[in-house]
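These are the residues of each chain, in order.
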Amino acid sequence: MNAEILAVGSELLLGQITNTNAKFISNQLSELGINVFYHTVVGDNSKRLEEAISVAESRANLIIFSGGLGPTKDDLTKETIARHLGVDLVFDQVALTYIEEFFAKRGRSMTENNRKQALVLAGSEVLANHHGMAPGMILTKDNCTYILLPGPPKELEPMFQFEAKPKLGKMLNDGGVIVSHVMRFYGIGEAELEVRVQDILDTQTNPTVAPLAADGEVTLRVTAKAQSEDEAHQLIAAKVAEIRAIVGDYQYGINDDSLASKTVEMLQDNNLTIAAAESLTAGLFQSELAEIAGVGNVLIGGLVTYTEDAKVKQLGISQQLLDAHGIVSSECAAAMASAVRQKFGTSIGIGLTGAAGPTAHDHQPVGTVWIGIAIGDEEPITYLLHLSGMRNTNRLRAVKFTCHYLMQQLEARGYKKRI
């Protein structure tokens with residue numbers, strides 16, 4: 001099956017929003033082994049959309065549309081496709097009832113154009129929208145499958161993952177299943193990881209193994225085809241064990257895990273608390289942890305001590321230490337970690353200082369970062385990074401390395417860690 005992703009919306013062409021939907025859908029299709037050869041973006045114009053559909057049909061047998069299912073006049077995706085395919089639009093009663101109840105619960109009058117969102121292609125299989133109003137749909141006609149999805153990512157992503165993707169999997173596998181398992185690694189580059197598992201990549205059949213790098217991390221997606229989920233999971237488990245025997249030391253999580261979520265999980269599992277003093281990251285480390293539900297029982301507090309004066313007054317770091325070693329130094333990071341741990345009475349203290357860019361700081365080149373980790377009454381451990389990205393990329397990577405090194409240190413001390 002070869003796919004084309006066709007995004008509809010003039011706002012995409014004007015650069016007002018980024019087409020993140022295409023990236024998400026391509027990623028999901030790769031798990032199913034579906035080739036994506038083209039991404040197309042067309043504005044809110046019925047004639048140009050129909051031309052784009054004809055071109056897509058000439059080179060793909062799966063066309064996935066995003067956007068244009070809403071209530072306004074410029075939402076014309078399903079009307080154009082219906083006319084192009086010669087099928088009617090009919091009301092889906094389940095969707096219409098859901099929309100009516102949505103307005104009734106909020107005490108608002110439902111305008112006539114909102115009924116339009118419940119229209120679907122006649123003969124299509126309706127995809128429920130649990131995060132919005134407009135349903136999606138999937139229709140196969142003349143050896144081509146058309147999938148229509150809403151534009152907002154918060155609606156599109158769950159609809160594709162939980163509604164459309166399983167149906168595609170069954171179509172591809174004669175009623176069987178396709179199951180994927182993502183292994184997440186940090187502290188190893190994509191090239192080195194591939195070299196280490198090259199024999200597995202060269203001999204893969206079922207399951208397949210696909211490497212992917214993003215935001216300084218590396219993943220391996222293991223995908224199995226089978227007649228049942230249990231059988232697929234058994235195939236995956238055997239391949240995962242083979243991979244972990246080679247590069248398991250770098251694996252920190254699976255599937256939707258993040259370095260922040262695994263850090264919070266490890267702190268929770270071991271009844272540990274944490275506080276952070278941040279300079280170049282300016283609270284980003286705490287913010288990343290705070291995105292994880294339940295963090296309140298481990299993240300006690302922290303300080304943004306961006307300037308030298310703040311480090312002295314808020315953390316009590318001696319001026320003599322800063323004069324002798326500088327702000328961007330191992331000694332400063334260690335002092336920040338110890339001071340914030342003592343100030344908040346936590347199990348762990350984190351100190352982050354460095355030169356994020358675009359210019360040097362404290363006579364240190366851009367990308368120089370020091371991470372301090374204080375665990376209990378032990379002498380703080382420090383790590384030096386030499387990063388080469390843009391300013392905010394360096395800040396985010398500093399946070400990720402902090403999570404990575406912290407988990408390593410805790411694991412080395414016998415604290416339990418889940419993969």
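Residues numbered from 1 in each chain as written. Predicted model: local features only at pLDDT ≥ 70, side-chain atom pairs only at ≥ 80, totals over all residues. Heavy atoms only, no water.

**Quick look at the domain arrangement of the protein**
Then, number 1: Entries for the protein in the domain assignment read domain 1 (2–172), domain 2 (177–254) and domain 3 (259–412).
Then, number 2: Computed from C-alpha atoms alone, the centre-to-centre distance between domain 1 and domain 2 is 31 Å.
Then, number 3: Its largest share of buried area at the contact with domain 2, domain 1 owes to Asn27, Glu31 and Leu32, together 72% of the area lost on that side.
Then, number 4: The interface formed by domain 1 and domain 2 holds 0 salt bridges in total.
Then, number 5: Seen at the junction of domain 1 and domain 2, the total is 2 residue pairs in polar contact (both at pLDDT 80 or more).
Then, number 6: Sorting the residues of the side of domain 1 that touches domain 2 by element identifies helix H2 (20–31) and helix H7 (153–172) as the ones contributing at least two each.
Then, number 7: The greatest single-element share of the side of domain 1 that touches domain 2, amounting to 3 residues, is contributed by H2.
Then, number 8: For the side of domain 1 that touches domain 2, a count of residues per class yields 2 nonpolar, 3 polar and 1 charged. (Domains from an automatic or database assignment. Buried area = accessible area lost by both parts, 1.4 Å probe. Salt bridge = Lys/Arg side-chain N within 4 Å of Asp/Glu carboxyl O. Polar contact = N/O pair within 3.5 Å; in protein donor to acceptor, adjacent residues only side chain to side chain. Helix = DSSP H or I, 4+ residues; strand = E, 2+ residues; numbered from the N terminus. Nonpolar A, V, L, I, M, F, W, Y, C, P; charged D, E, K, R; others polar.)

**Some points on the packing of H2 against H7**
Then, number 1: As a packed pair, H2 and H7 sit with axes 11 Å apart at the nearest point and diverge in direction by 20°. The pairing of H2 with H7 is recorded here as roughly parallel in orientation. Of the two elements, H2 crosses H7, and the hand of that crossing is right-handed. Contacts from Thr20, Asn21, Phe24, Ile25, Gln28, Leu29 and Glu31 of H2 reach H7 at Pro153, Leu156, Glu157, Phe160, Gln161, Lys165 and Leu168.
Then, number 2: Here the contact of H2 with H7 is built from residues that sort into 7 nonpolar, 4 polar and 3 charged. (Axes fitted to C-alpha atoms, helices over the stretch in contact; angles between N-to-C directions. Parallel < 35°, antiparallel > 145°, perpendicular 65-115°, else oblique. Left-handed = near helix turned anticlockwise from the far one by under 90°. Contact = heavy atoms within 4.5 Å.)

**So, the sheet that holds strand S9 (residues 177–185)**
Remark on secondary structure: sheet strands pair via backbone hydrogen bonds, oriented parallel or antiparallel.
Then, number 1: In space, the 4 strands of this open sheet follow the order S10-S11-S9-S12, with antiparallel pairing throughout. The sheet terminates laterally at strand S10 (208–214) and strand S12 (251–254), the two strands that pair on one side only. The sheet shows a mean angle of 25° between the axes of neighbouring strands, direction not considered.
Then, number 2: Judged from the 9 bridges that link them, S9 and strand S11 (residues 217–226) form a sheet pairing that is antiparallel. By the bridge assignment for S11, Ile178 is matched with Lys225.
Then, number 3: Here helix H10 (residues 229–247) sits on the sheet and contacts S9, S10, S11 and S12; the angle it forms with S9, its principal contact strand, is near 25°. (Pairing = 2+ DSSP bridges.)

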